[in-house]
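# Report on the structure
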Amino acid sequence: MAVTTLDRSSDVATHPWWQRGIVYQVYPWSLQDSNADGMGDIPGILSRLDHFEKLGVDALWVSPVYPSPMKDFGYDISDYCGVDPRFGTLQDLDQLIAEAHRRGIKLIMDFVPNHTSDQHPWFVESSSSRDNPKADWYMWRDPAPDGGPPNNWRSMFGGGGWQWCETRRQYYYHAFLKQQCDLNWRNPDVVAAMHDVLRFWLRRGIDGFRVDVIWHLLKDPEWRDNPPNPDWRPDEPEVRRILDTMTCDQPGIIDLVKGMRRVLDEFPDTVLIGELYLSIERLCAYYGDSLDGAQLPFNFRLLMDPWKADVVAGLIQQYETHLPKGAWPNWVLGNHDNGRVASRFGPAQARVAVMYLLTARGTPTIYYGDEIGLLSGIIPPDRVQDPQEKNEPGLPGHNRDIARTPMQWDASPFAGFSSVEPWLPIQPGYETRNVAAEEHDPDSMLWLHRRLIRLRRAHDALSIGDIKIVKVEGDFLAFERSWGSERFIVALNLGAKPIDTSLSEADGGRIVLSVNGGRDGEMLGTRLMLAGDDGLVIELG
Ligand code: GLC
């Protein structure tokens, strides 16, 4: 691939915390159990704040802790303004907000606006008749002439997307489980009610929201069928048999995002993050034409695309081309819906990936456990929890439990996570792969994270600086970050074989951090040797 200069001068006048900072995702089920019921909770998160402070992250995004029947582990909410007793109380959450803030850590809630639980009072009322005050709050449709579902829309979790309601003698649409009923965001009352939910939390001191499946919010107003997917393979989930042309990324969604943003802007220094599995070009639309949409529409390309030097360089280039003027990028390596990065890329290459994550231009999000190199979990069939896997078992990469196993804190029987058998099994090898053990090992993934974070925080070039691709060749990727007089080159080997190349740009530079250690302080000439699965941060004079 040709070397491309991306000298895009930084046009961001100020750099709020969510641009300079690092986000850390907590999956509350699995961080820390404080009351011996085998599942994590809010007091558990509170008891681990030292870990986050020491790691050096700026914000915690906590996956849903709202009251829920837990059909989809909290993404099926029955009360947007409360805390599920499994996780604690509203007072516990207030305490977490206060204590995190005392330590300079922001708290981001998960906001799930696309659907409610079928147990939510709104749905209970809506489904009770065709003429109640909330009759039009969900996606109700009459049956097709043959009495079947109104169209071919499917559920992401397997099976059809329409559920029959005998009381109304109508179907309702659910993009996920039938117990997750899609709200009708074309109804202004729904919009107003959801804005009030945002205000409820913002008034309690929440610093922002990660908005669940934001690109699903509106569906085709004419309810047209989705077209078939010519590329579907039998080892893929059923839902991919058809494309999502009529059910996702519809015109008008961005106006809804702007509406949410206006609410957040009533509260200073808040951030709106959107969940989007979209191309770089499409996700950039969610910033809004005047940067009045999401501040950080999630960029999940590293979860979706091959980890190859030319691919990553291509992503950087596309991103820098499509970002609206002044918009800020972001990168994600792992979350609760995808296999662990240490398994996807291999443990050695995952270290290179984290060097990328923490030196790239854009806000990094770290998924809990990735900082100690957790592998994807092994889940015996009788321990499967994920509804997606239960509905369509055995599809590759389908069981999300593998990314949700308990955090491994120490070598005690349940890894310091709990005093009883946890909801998902602790993984083999936890006796050595845990926070306490890695604390004593300067070569560990934990130390690598801490070093990279410290370096990023110490240098504007690495946090808010501009980016320029310097060289892409085989498994080799080098880019420059610069800000004012500061310049760094990051040189990565995305493969397992050693690299011997020339890099005149690094001439006279000094290695300040290497993925595998042992090279700190080394001065470089124009020739660059890099071991397999290694990476360097080089400071230029
Ligand atoms: C998002 C969540 C996922 C959930 C789904 C439905 O993709 O990340 O965990 O199952 O939305 O709410």
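A count of helical and extended segments in the chain gives 16 helices and 20 strands. Compactness check: the chain gives a C-alpha radius of gyration of 24 Å against a globular reference of 24 Å for 541 residues, within 12% of the reference. Overall, the chain is about 75 × 50 × 50 Å in size when its C-alpha atoms are taken along their principal axes. Partitioning the intrachain contacts of the chain with sequence separation of at least 6 by distance along the chain shows that 68% fall at a separation of at least 24. Within the structure as shown, the chain displays about 19900 Å² of accessible surface, and the carbon and sulfur contribution to it stands at 51%. In the chain, 55 positive and 77 negative side-chain charges are present, and the distance between their average locations comes to 2 Å.

We now examine the state of the cysteines. Here the structure, examined in full by the defined rule, presents 0 disulfides. Note on Cys81: no disulfide assigned, nearest cysteine sulfur contributed by Cys181 at a separation of 18 Å. For Cys81, a relative accessible area of 28% translates into the label partly exposed.

Now for the site of the ligand. Around the ligand, 14 residues are found, and the nearest of them are Asp72, Asp212, His336, Asp337 and Arg400. Contact with the protein chains hides 96% of the accessible area of the ligand, taken as 310 Å² for the molecule alone. Taken together, the residues of the shell around the ligand break down into 4 nonpolar, 3 polar and 7 charged. Looking at which domains feed residues into the shell around the ligand, each of domain 1 (16-114 + 187-452) and domain 2 (117-184) gives three or more.

This next bit is on the pattern of salt bridges. For the structure on display, the rule yields 42 salt bridges. Of the charged contacts, one joins Asp72 and Arg400 as a salt bridge, the two residues approaching to 3.1 Å between their closest N and O atoms. With Asp72 in the loop between β2 (59-62) and α4 (90-102) and Arg400 in the loop between α13 (387-391) and α14 (435-439), this pair connects stretches of sequence that are 328 residues apart. When sorted by exposure, Asp72 lands in the same class as Arg400, which is buried. The salt bridge partner of Glu439 is Arg450, with a shortest N-O separation of 3.1 Å. Placement of the pair is Glu439 in helix α14 and Arg450 in helix α15 (residues 445-458), with a sequence separation of 11 residues. When salt bridges with common partners are traced through the structure, they connect Asp50, Glu53, Glu99, Arg102 and Arg103 into a single cluster.

Counting residues in hydrophobic clusters, the biggest one holds 161 residues, and the most contacted among them are Tyr24, Phe52, Leu60, Trp185, Phe209 and Tyr356. Counting residues in hydrophobic clusters, the runner-up holds 15 residues, among them Phe476, Ala478, Ile511 and Ile538.

In this structure, Pro422 sits in the loop between α13 and α14. Linking Pro422 and Ser30, residues 392 residues apart in sequence, is a C-alpha distance of 8.6 Å. Not counting chain neighbours up to four residues away, the residues in contact with Pro422 comprise Gly38, Arg383, Pro406, Phe414 and Phe417.

As a further point, take the packing of aromatic side chains. Going through the model one piece at a time under the given rule, you end up with 33 aromatic pairs. An angle of 65° between the planes, with centres 4.9 Å apart, marks the rings of Phe123 and Tyr172 as edge-to-face. Pair noted here: Phe123 is in helix α5 (residues 121-126) and Tyr172 is in strand β7 (residues 170-173), with a separation of 49 residues, a long-range link. Measuring from ring centre to ring centre gives 5.3 Å for Phe157 and Phe176, while their planes differ by 65°; the resulting arrangement is edge-to-face. With Phe157 in the loop between β5 (140-141) and β6 (162-165) and Phe176 in the loop between β7 and β8 (180-182), this residue pair connects regions lying 19 residues apart in the sequence.

What follows is about the sheet that holds β5. Spatial ordering of the open sheet is given by β5-β7-β6, a layout of 3 strands whose pairing is antiparallel. The open sheet is flanked by β5 and β6, the only strands paired with a single partner. In this sheet, β7 lies alongside β5 in antiparallel orientation, the contact comprising 2 bridges. Directly across from Trp140, in β7, lies its bridge partner Tyr172.

Within a regular strand, the side chains alternate between the two sheet faces. With burial as the criterion, each face of β2 is covered, one bearing Ala59 and Trp61 and the other bearing Leu60 and Val62. The sheet contact formed by β2 and strand β3 (residues 106-111) spans 4 bridges and is parallel. Across the sheet, the residue bridging to Ala59 is Lys106, located in β3.

How each quantity is defined
- Residues numbered from 1 in each chain as written.
- Predicted model: local features only at pLDDT ≥ 70, side-chain atom pairs only at ≥ 80, totals over all residues.
- Heavy atoms only, no water.
- Helix = DSSP H or I, 4+ residues; strand = E, 2+ residues; numbered from the N terminus.
- Rg over C-alpha atoms; globule rule 2.2 N^0.38 Å.
- Contact = heavy atoms within 4.5 Å.
- Areas by Shrake-Rupley, 256 points an atom, 1.4 Å probe, with all protein chains shown as cover.
- Lys, Arg positive; Asp, Glu negative; His and termini not counted.
- Charge placed at Lys NZ, Arg CZ, Asp CG, Glu CD.
- Disulfide = S-S within 2.5 Å.
- Buried < 20%, exposed > 50% of the residue type's maximum accessible area, 1.4 Å probe, protein only.
- Near = heavy atom within 4 Å.
- Nonpolar A, V, L, I, M, F, W, Y, C, P; charged D, E, K, R; others polar.
- Domains from an automatic or database assignment.
- Salt bridge = Lys/Arg side-chain N within 4 Å of Asp/Glu carboxyl O.
- Core = buried A, V, L, I, M, F, W, Y, C linked by side-chain atoms within 4.5 Å.
- Phe/Tyr/Trp six-rings, centres within 6.5 Å; stacked < 30°, edge-to-face > 60°.
- Pairing = 2+ DSSP bridges.

No statement about biological role is implied by the geometric values presented.
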